[in-house]
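Listed below, chain by chain, are the residues.
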Amino acid sequence: MVNQLEFRNIDDMLESLNAQPQGRYFLCTCPSCNQPEAFMYKDNLNVLQCNRQNNCGERWHIKLNEKLKGNLNLKKNEKPKSISLKQKEQIDWCTNFFKFMSKHVVNQELENYRGINREVTKPFILDLKDPKIVSLMFSKIPDLIKKDYAKMDFMTKRNIVFPIYNHEGSIDSLLLRSSDPSLKKKEIQLFLNPTEKARYFVEDIPDNAETVVISESIIDGLSFREIDPKMGLLMTTGSNKIKQLETFIKENPDKFKGKKIIRAFDNDRAGKEADKKIAHVLDEEKLFHKGFIYPDMDLKDPNDLLQSNRLLFERQIELTLRTLDIDLKKEEGEKMNDKTEQSNDYKVKIVNMTFLQDKGISLACVKYGEITLNNIVIEEYKGSPMINYPQKKGTDSVWRDVYRFEESLDKRMIEGALIKSYYELKHQVKEKNTVKNVGINISSGGGKFDPKIIHSHTFSNGNISVNIGYRNLIVNGIVTGKSKGKDYVSTPYYFKGDKINSFVKTSKDFSNKILDLTKPLKTKNKEKESQKEVG
């Protein structure tokens, strides 16, 4: 529920909220937590939002009793549509300064900065090292910053700089940090371009990029490029600064067409709220996207994972892309006509999956052609997903697979779908703890769904046990025999109390195929028995 505030007019509102103009928005005192960290945009004075989203995050709807008819206080702070000649000269100086520093200054201190190689960070981050250089920079742009930061230690100690350029290559804003961890307020953003078009996000999407990462921070985006240098990046500067990203995506959908998009926002409340907004825009533009799949660990953001466990970070990226591929193929499959869809001969799907909250695992049942596979367990071990197929103990006390998939595209598609559904249930993306009938569009080039015998064994009573190869699946221990004058097929089973449960179920047609396959074996066995009797 959105809170409501009511004021007589704009002047009354600005005074009551202790509103301070900050470029395109007002910085205000939050009525809930009483901290000076709420904001409202000047082009939307009806909404006040607390920026402490993980501690407060309250949102207020503002009602004014007097209609707005050109308020002087507001007009005074409106963004200019163009810049002066002095401002243009200072922006050019600042642009050239940072590009020169980035190209010619060796920043050994930034090698492996936050776990990221210097070759990756070089175009985006630099270290001015000396407060005197930072002070010089501020002194050269007085018409852009309006304050004498050159004489403030609080600002000149911010030697780590993230320059943000617009599409024309001119600098629009700066993110400033310090290598001194004791300096309060970790990050400050300065808008150098005073117009309303100034960017506060970074775009670096090569035409040949297959994947684009949309991240909440520059560091998080670069963490992905540390793993894959070919990834495209769209990086904002905070969860509350995604409005420009939404507009950019809507105005430039062609930049994302045919690409896989990973949404990589922080793993906290503010990040999840921003993620929902971006996901909505991507859906509207009919773009393929997936939220980064965090492991089951206490992690704040992607860079946190990179620094704590690089190998696990690589695996989670691979997992996210794999599930994205499944979504993509599923969407493509839905667009195929009936004739193309029938090229698979039989449908493959997750019949059902249930998440057991107390054990943290999922139990799944998969239909693969004419065979239904039960008792598949999906769980997480040390942050990585695992799929366990059932095993059965033999008469020799050795545990063996009841069934297994050979390494193939089928296996990757099925296991990717299982893992995707597991995480959706675990993180309550789905409303219920069960999913049903999740179709999996497998490749028609993976072979036919025809069973073949890969191993057989004849028992003393004449029954035959066979291991069956079925496209990319191997099922062990299917038994054929005769009871009351009728042939039968028995699939692997287990007892649960007095009840018999099947690991594998087959269609009637499939059972008949197995009987046909074993007929030559039975004939051969009879011939051997006849020869023994003659001998």
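Owing to the predicted nature of the structure, the values given are computational and were not obtained by experimental measurement.

### Some thoughts on the overall build of the protein
Okay, so step 1: What the protein contains, in helices and strands, is 15 helices and 30 strands.
Okay, so step 2: Rg of the C-alpha trace for the protein: 32 Å, well past the compact-globule value of 24 Å for 535 residues, more than 25% over.
Okay, so step 3: With respect to the three principal axes, the spread of C-alpha positions in the protein is 115 × 55 × 45 Å.
Okay, so step 4: Taken over 535 residues, the protein has a buried fraction of 47%.

### Quick word on a nonpolar patch on the surface
Okay, so step 1: Together, Tyr493, Phe495 and Ile500 line one region of the surface with nonpolar side chains, adding up to about 320 Å² of accessible area.
Okay, so step 2: One can find Phe495 in strand E28 (residues 493–496).

### Regarding helix H3 (residues 85–104)
Okay, so step 1: With 20 residues, H3 extends 28 Å from end C-alpha to end C-alpha; this agrees with the ideal 28 Å at 1.5 Å per step.
Okay, so step 2: Burial in H3 covers these residues: Gln87, Gln90, Ile91, Cys94, Thr95, Phe97, Phe98, Met101 and Ser102. Buried positions in H3, seen along its axis, are confined to an arc of 165° and lie on one side of it. Opposite the buried face of H3, by more than 90 degrees, sit the exposed residues Leu85, Asn96 and Lys103.
Okay, so step 3: Close packing links the buried residues of H3 with strand E7 (126–127), helix H5 (131–139), helix H6 (142–145), strand E8 (160–165) and strand E9 (171–177).

### Details of the sheet that holds strand E11 (residues 202–204)
Through backbone hydrogen bonds, the strands of a sheet pair up, either in parallel or in antiparallel fashion.
Okay, so step 1: If you walk across this open sheet you meet the five strands as E11-E13-E12-E14-E15, and the pairing is mixed. Strands at the two margins of the open sheet, each flanked by one partner only, are E11 and strand E15 (289–291). Between one strand axis and the next, the sheet turns through 20° on average, direction left out of account.
Okay, so step 2: Relative to strand E13 (residues 232–235), strand E12 (residues 211–215) runs parallel, the two being bridged by four bridges. Paired with Val212 across the strands is Gly232, a residue of E13.
Okay, so step 3: Running at roughly 170° to E13, helix H8 (residues 218–227) makes contact with E11, E12, E13 and strand E14 (260–264) of the sheet.
Okay, so step 4: Its contacts with the sheet put helix H10 (residues 269–284) on E12, E14 and E15, and the angle it makes with E14 is roughly 160°.

### Brief notes about the packing of aromatic side chains
Okay, so step 1: Tallied over the entire structure, the rule returns 23 aromatic pairs.
Okay, so step 2: A ring pair is formed by Tyr389 and Tyr403, whose centres lie 5.9 Å apart and whose planes are at 65°; its orientation type is edge-to-face. Of this pair, Tyr389 sits in the loop between strand E19 (384–388) and strand E20 (391–393) while Tyr403 sits in strand E22 (residues 403–405), and the two are 14 residues apart along the sequence. Across the pair, Tyr403 and Tyr389 agree in class, each one buried.
Okay, so step 3: One aromatic cluster is present, built from ring pairs that chain together Tyr368, Tyr389, Tyr403, Phe405, Phe449, Tyr470 and Phe510.
Okay, so step 4: The lysine or arginine in question, Lys42, covers the ring of Phe26, its NZ or CZ lying 5.1 Å from the ring centre.
Okay, so step 5: Of note, Lys243 hangs over the ring of Tyr41, and the distance from its end group to the ring centre comes to 5.3 Å.

What counts and what doesn't
- Residues numbered from 1 in each chain as written.
- Predicted model: local features only at pLDDT ≥ 70, side-chain atom pairs only at ≥ 80, totals over all residues.
- Heavy atoms only, no water.
- Helix = DSSP H or I, 4+ residues; strand = E, 2+ residues; numbered from the N terminus.
- Rg over C-alpha atoms; globule rule 2.2 N^0.38 Å.
- Buried < 20%, exposed > 50% of the residue type's maximum accessible area, 1.4 Å probe, protein only.
- Patch = residues over 30% accessible without salt bridge, like charges linked within 9 Å, V, L, I, M, F, W, Y side chains within 5 Å.
- Areas by Shrake-Rupley, 256 points an atom, 1.4 Å probe, with all protein chains shown as cover.
- Salt bridge = Lys/Arg side-chain N within 4 Å of Asp/Glu carboxyl O.
- Expected span 1.5 Å × (residues − 1).
- Arc of directions from axis to C-beta.
- Contact = heavy atoms within 4.5 Å.
- Pairing = 2+ DSSP bridges.
- Axes fitted to C-alpha atoms, helices over the stretch in contact; angles between N-to-C directions.
- Phe/Tyr/Trp six-rings, centres within 6.5 Å; stacked < 30°, edge-to-face > 60°.
- Lys NZ or Arg CZ within 6 Å of the ring centre and 35° of its normal.

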